[in-house]
Amino acid sequence: MKNKNILITGGFGLLGSNLYNFLHQKKYNVFILDKKKNFLKKNYLKIKKERVFQGDYLDKKLIKNIILKKKINIIFHTGAVTQVLDALKDPEYTYYNNINGTLNFLNIINKINKKIIFIYSSSDKAYGEVGKKSYREETCLNSTFPYDVSKSCADLICQSYAKTYNLKIGILRCANLYGPGDLNRNRLINGFIISVIKKKIFKIRSSGKLVRDYLYIDDAVNAYYLTMRSLIKSKKNLRIYNVGSKYNMNVFKMIKTISKIINKDNIKIKILNSSKNEILSQKLNYKKICKELNWKQTVNLENGLKKTLSWYKSHINFFKDY
Ligand SMILES: NC(=O)c1ccc[n+]([C@@H]2O[C@H](COP(=O)([O-])OP(=O)(O)OC[C@H]3O[C@@H](n4cnc5c(N)ncnc54)[C@H](O)[C@@H]3O)[C@@H](O)[C@H]2O)c1
């Protein structure tokens, strides 16, 4: 199984970089495609230049060449516009990048080699608002806002290619992820940690009452790995899993939890209450992945936050302009 050639799109992102480390350590032959420039200068991944394609997956010729040249067997498509605020500012590009980018891979796989396994990073946001209930895999995708709809659309298109053209596809709908290597600044956990280290006021863009599941990145990476293995082994060509968490809370509770770990309770926060276009409450039911793939959440919140905090402390020079 180790002789698999793997391509990770968005490999410089939170999920892609941690997935790269994990698979590389397991001796898979892994390549990254990401459009981010100058990442290799930071290079906390210690990835060799020849493993990186710095480019855009909207370029069909480029991705076809990579797949053929490197004889790719498995693609993890983690690349996307991921920031809710970026998506609200530029819905056109978000739809184009997140939907057409996914479609590019599916069409190329369908034409050149249907055996290539494609694992798509969907999201709990793809479900939209379901009130107080938790989402199950069969819950309808019923999103409203641009980032969320881009995820639902690409998710449905992946299902369509698996069911119509028999492609081998995995779809993972993860909770909010956190951990080392997240270079985004507008996410709750890392944004708060960076503000504390830099002694800045932390601005909460919502009312502070939005409820989310929080999952440490290593547990998400393991879910991707188990899904890949199950698609390699089994004849079933479509696997869809929620990857949730037992830690479900609102923004205020998360801030309180981190403050306790940092051992500071006088951290300045400002509530902007400016994000009206976001889902209010989310909770994933993740019994299916536990039962079928024997996946377990292994990192408790306190340990996950401590590891994250320690990474940001030692990499704070990445965030000079924060
Ligand atoms: N982080 C979370 O909380 C979370 C939760 C559920 C689902 N997801 C999904 O998981 C995936 C990974 O999330 P993340 O947090 O690692 O994101 P991230 O923002 O950290 O990384 C995304 C990467 O994709 C790259 N990218 C974007 N468009 C590209 C293009 N056209 N060509 C090449 N590279 C491109 C970016 O440069 C970036 O490095 C995304 O698809 C996201 O929607 C994330």
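Residues numbered from 1 in each chain as written. Predicted model: local features only at pLDDT ≥ 70, side-chain atom pairs only at ≥ 80, totals over all residues.

Caption draft 1: Representation of the overall build of the chain. Scanning the chain for helices and strands turns up 11 helices and 12 strands. In terms of C-alpha radius of gyration, the chain reaches 19 Å, essentially the compact-globule figure of 20 Å for 322 residues. Taking the principal axes of the C-alpha coordinates as reference, the chain spans close to 60 × 45 × 40 Å. Residue burial in the chain is summarised as follows: out of 322 residues, 43% are buried. Restricting to contacts in the chain with at least 6 residues of sequence separation, those with at least 24 account for 78%. (Helix = DSSP H or I, 4+ residues; strand = E, 2+ residues; numbered from the N terminus. Rg over C-alpha atoms; globule rule 2.2 N^0.38 Å. Buried ≥ 20, exposed ≤ 12 C-beta atoms within 10 Å, placed from the backbone. Contact = placed C-beta atoms within 7 Å.)

Caption draft 2: Summary view of the packing of helix H3 (residues 60-69) against helix H5 (residues 91-112). Their axes nearest at 10 Å, the elements H3 and H5 cross at an angle of 50 degrees. With respect to each other, H3 and H5 are oriented oblique. As H3 packs across H5, the resulting crossing turns out to be right-handed. For the pair H3 and H5, the contacting residues are Lys60, Ile63, Lys64, Ile67 and Leu68 in the first and Asn104, Phe105, Ile108 and Ile112 in the second. A per-class count over the contact of H3 with H5 returns six nonpolar, one polar and two charged. (Axes fitted to C-alpha atoms, helices over the stretch in contact; angles between N-to-C directions. Parallel < 35°, antiparallel > 145°, perpendicular 65-115°, else oblique. Left-handed = near helix turned anticlockwise from the far one by under 90°. Nonpolar A, V, L, I, M, F, W, Y, C, P; charged D, E, K, R; others polar.)

Caption draft 3: Molecular detail of the nonpolar core. Within the largest apolar cluster, 82 residues are counted, with the highest numbers of intra-cluster contacts made by Ile75, Phe118, Ile119, Ala220, Ala223, Tyr224 and Val243. In terms of residue count, helix H8 (residues 217-233) provides more of this core than any other element does, eight residues in total. Not counting the four nearest positions on each side in its chain, Ala220 is found in contact with Leu15, Cys174, Leu177, Leu215 and Val243. (Core = buried A, V, L, I, M, F, W, Y, C linked by C-beta atoms within 7 Å.)

Caption draft 4: Up close: helix H6 (residues 146-165). Compared with an ideal rise of 1.5 Å per residue, which puts 20 residues at 28 Å, H6 spans 28 Å between its outermost C-alpha atoms and is within 8% of the ideal. For H6, the complete set of buried residues consists of Pro146, Tyr147, Asp148, Val149, Ser150, Lys151, Ser152, Ala154, Asp155, Cys158, Tyr161 and Ala162. The elements touched by buried residues of H6 are helix H4 (84-89), H5, strand E5 (117-123), strand E6 (168-174) and strand E10 (238-243). Just beyond H6, the residue with positive phi is Asn166, at close to 60 degrees. (Expected span 1.5 Å × (residues − 1).)

Caption draft 5: Looking closely at the sheet that holds strand E7 (residues 176-178). Spatial ordering of the open sheet is given by E7-E9-E11, a layout of three strands whose pairing is mixed. The sheet terminates laterally at E7 and strand E11 (248-250), the two strands that pair on one side only. Across the sheet, the mean angle from the axis of one strand to that of its neighbour is 45 degrees, orientation sign disregarded. Pairing of strand E9 (residues 211-216) with E11 involves three bridges; the strand directions are antiparallel. Considered in E11, the bridge of Val211 is made with Asn250. Running over the sheet, helix H9 (residues 251-262) touches E9 and E11 and is turned about 100 degrees from E11. (Pairing = 2+ DSSP bridges.)

Caption draft 6: Local environment of the site of the ligand. For the ligand, the set of nearby residues contains 28 residues, the closest of which are Gly10, Gly13, Leu15, Ala80 and Ser121. The set of elements that each furnish at least two residues to the shell around the ligand consists of helix H1 (14-25), strand E2 (29-34), H5, E5 and E7. Element by element, the count of residues in the shell around the ligand is highest for H1, at three residues. Taken together, the residues of the shell around the ligand break down into nine nonpolar, 13 polar and six charged. (Near = placed C-beta within 6 Å.)

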